[in-house]
Amino acid sequence: MRSERLAAALVALFIGAAAAQGGGETLTIDGAVALAVKNSPAALAAEQDIIIARQRVREARFMALPQFALSGIASRASLEHPAVLGPELGESYLSPDIDNSFYTLRAQALQPLYTGGKNTNTLKLAKTAHNQAKVNYETAKADAALGAKKAFYTLLYQRRLSETAAGWMRKARALDAGLRKDAFEELEAAMLLAGLADKARQAAADEEAAESDLLRALNLEPGYKARLEGDFQPRPVEEDATRSLVTAMELRSELKSELYKAQMDDIAVNMAMVRRYPTIYLGASYDVNAYRLQDLSDNARRSSNWLASLAVKFPLSYDVWTQVQQRKAQQRQGELKRAELQDKVRFEIISAHKEAAAWQAEAVRLTEEAARMKSGYEAAVRAARPSMAALRALCALCDLERKALDAVRRQLMARIRLEWARGRDLAR
């Protein structure tokens with residue numbers, strides 16, 4: 001009995017998994033974009049970059065705080081000449097008259113008083129890098145959304161195209177079955193049917209390829225059959241190019257990234273000039289020394305030292321000005337790159353606006369023309385007997401409907417590119 005229940009549960013689980021694999025959920029354009037962003041490896045990696053940059057901001061803040069160190073040193077020596085321990089061992093001076101064993105406990109503190117602006121600029125640089133990481137994340141999300149939109153509407157187009165080709169193929173075969181043809185008309189009809197069959201096969205193959213592209217864009221498992229929900233029709237662009245340009249200059253992630261790079265270039269110049277300025281540190285240390293480990297807690301048998309120091313360091317370097325000139329040249333390169341990017345964004349928006357408007361008019365014209373021709377064809381078929389002229393008209397009408405669908409696809413793709421170029425979706 002238990003084995004039967006287990007078998008029934010496994011069968012139910014398998015059926016549920018098969019239904020999910022077969023596309024049990026309906027996918028809209030918004031759902032496709034959300035899935036693409038959620039599953040995008042680039043977006044996930046950029047999100048981790050934000051976490052890394054946030055921690056670096058915290059590290060930069062720690063640079064202005066006092067640095068503390070506690071150390072314990074145990075030495076055993078037999079000296080004939082004085083010796084000095086290295087920095088890793090406490091930098092202690094050892095006299096030849098010490099006992100074989102020597103123990104030291106030390107507490108140190110170091111406070112930067114003035115670093116010429118190095119710590120401040122480091123913190124600014126970390127904050128700017130954090131903002132840039134956020135912008136890079138938005139860029140990765142926008143790219144994932146762009147790929148999802150293109151794949152979604154491409155699959156919608158290919159499915160409509162496949163359905164249209166299959167529908168016209170059925171009508172052509174039905175019409176051909178009722179025709180009386182001579183030898184040449186038989187050959188012509190066979191060629192027309194072969195052309196329609198080839199288009200139907202190509203449309204089915206393109207539909208499968210579009211399904212694979214959608215799964216790749218959404219980062220889903222192979223074999224998932226998506227049931228798309230969406231209207232495959234032109235979506236007019238109501239905003240003008242000037243407004244889209246203003247929106248892009250404010251929201252386009254690449255432009256934001258270049259602005260943060262400009263801030264980083266300014267900070268790099270400042271940090272190069274900081275090397276001319278002195279640095280001032282205040283340090284203090286306290287040592288407890290003894291020849292036996294248990295004597296460290298005995299005030300009478302141990303010795304203690306304390307000191308406080310103020311250190312001023314003036315840098316003398318030959319490459320200060322060369323570094324400044326290099327950073328200024330890099331700053332100028334960034335300015336030129338930003339100007340080039342702004343021109344590129346303007347061209348993308350204007351071009352996408354013109355293309356969307358042109359294909360919008362073409363799609364409306366071809367769709368209306370195809371509907372009118374289809375109505376005329378159906379009326380003629382009802383009024384006249386089947387003929388080769390009707391078969392040729394059917395093939396021409398199939399081509400016209402294919403052109404209308406392609407015009408709709410091109411208009412949607414132009415709108416998608418415009419949304420990406422301006423950094424914000426258009427009103428629906």
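Refer to the preceding data block for the structure.
Residues numbered from 1 in each chain as written. Predicted model: local features only at pLDDT ≥ 70, side-chain atom pairs only at ≥ 80, totals over all residues. Heavy atoms only, no water.

A. A look at the overall build of the protein. Across its full length, the protein carries nine helices and eight strands. For the protein, the C-alpha radius of gyration of 38 Å lies well beyond 22 Å, the compact-globule estimate for 428 residues. Taken over the C-alpha atoms alone, the protein extends approximately 125 × 75 × 35 Å along its principal axes. By the burial criterion, 35% of the 428 residues in the protein qualify as buried. Long-range pairs, those at least 24 residues apart, make up 84% of the contacts in the protein with a sequence separation of at least 6. Roughly 26,000 Å² of accessible area belongs to the protein as shown, and the carbon and sulfur atoms make up 56% of that amount. Side chains of the protein carry 62 positive and 54 negative charges; the gap between the two charge centres is 2 Å. (Helix = DSSP H or I, 4+ residues; strand = E, 2+ residues; numbered from the N terminus. Rg over C-alpha atoms; globule rule 2.2 N^0.38 Å. Buried < 20%, exposed > 50% of the residue type's maximum accessible area, 1.4 Å probe, protein only. Contact = heavy atoms within 4.5 Å. Areas by Shrake-Rupley, 256 points an atom, 1.4 Å probe, with all protein chains shown as cover. Lys, Arg positive; Asp, Glu negative; His and termini not counted. Charge placed at Lys NZ, Arg CZ, Asp CG, Glu CD.)

B. Broad picture of the packing of helix α8 (residues 320-383) against helix α9 (residues 388-422). At a minimum axis separation of 7 Å, α8 and α9 run at an interaxial angle of 155°. Classified by the angle their axes make, α8 and α9 are roughly antiparallel. In the crossing of α8 with α9, the sense of the turn from one axis to the other is left-handed. Among the residues making up the contact of α8 with α9, the classes are represented as 22 nonpolar, four polar and 11 charged. (Axes fitted to C-alpha atoms, helices over the stretch in contact; angles between N-to-C directions. Parallel < 35°, antiparallel > 145°, perpendicular 65-115°, else oblique. Left-handed = near helix turned anticlockwise from the far one by under 90°. Nonpolar A, V, L, I, M, F, W, Y, C, P; charged D, E, K, R; others polar.)

C. Structural context of the pattern of salt bridges. For the coordinates displayed, the defined rule picks out 24 salt bridges. One salt bridge in this structure joins R159 and E207, with 3.6 Å as the shortest N-O distance. Pair noted here: R159 is in helix α4 (residues 118-177) and E207 is in helix α5 (residues 183-218), with a separation of 48 residues, a long-range link. The exposure class assigned to R159 is buried, which follows from its relative accessible area of 18%. With relative accessibility at 18%, the residue E207 sits in the buried group. Note that E355 and R417 form a salt bridge whose closest N and O atoms lie 2.7 Å from each other. (Salt bridge = Lys/Arg side-chain N within 4 Å of Asp/Glu carboxyl O.)

D. Summary view of the sheet that holds strand β8 (residues 303-313). An order of β2-β5-β7-β8 is seen for the four strands of this open sheet, with the pairing classed as antiparallel. Bordering the open sheet on either side are β2 (67-76) and β8, each of which pairs with just one other strand. Strand-to-strand twist across the sheet, computed as the mean angle between neighbouring axes with direction ignored, equals 15°. As paired strands, strand β7 (residues 279-290) and β8 are joined by 11 bridges and run antiparallel to one another. Along β8, the bridge assignment pairs N289 with S303. (Pairing = 2+ DSSP bridges.)

E. Here's a closer look at a positive patch on the surface. On the surface, a cluster of positive charge is contributed by R54, R58, R61, K127 and K134. Contributions of two or more residues to the positive patch are made by α3 (41-62) and α4. Residue contributions to the positive patch peak at three residues, all from α3. Relative to the helices and strands, K134 is located in helix α4. (Patch = residues over 30% accessible without salt bridge, like charges linked within 9 Å, V, L, I, M, F, W, Y side chains within 5 Å.)

F. Representation of a nonpolar patch on the surface in the model. On the surface, L113, Y114, Y277, L282, L310, V312 and F314 cluster together into a nonpolar patch covering about 690 Å² of accessible area. For the nonpolar patch, the secondary structure elements donating two or more residues are β5 (101-114) and β8. Among the structural elements, F314 can be located in the loop between β8 and α8. With a relative accessible area of 59%, F314 lands in the exposed category.

By themselves, these figures tell us nothing about what the structure is for.
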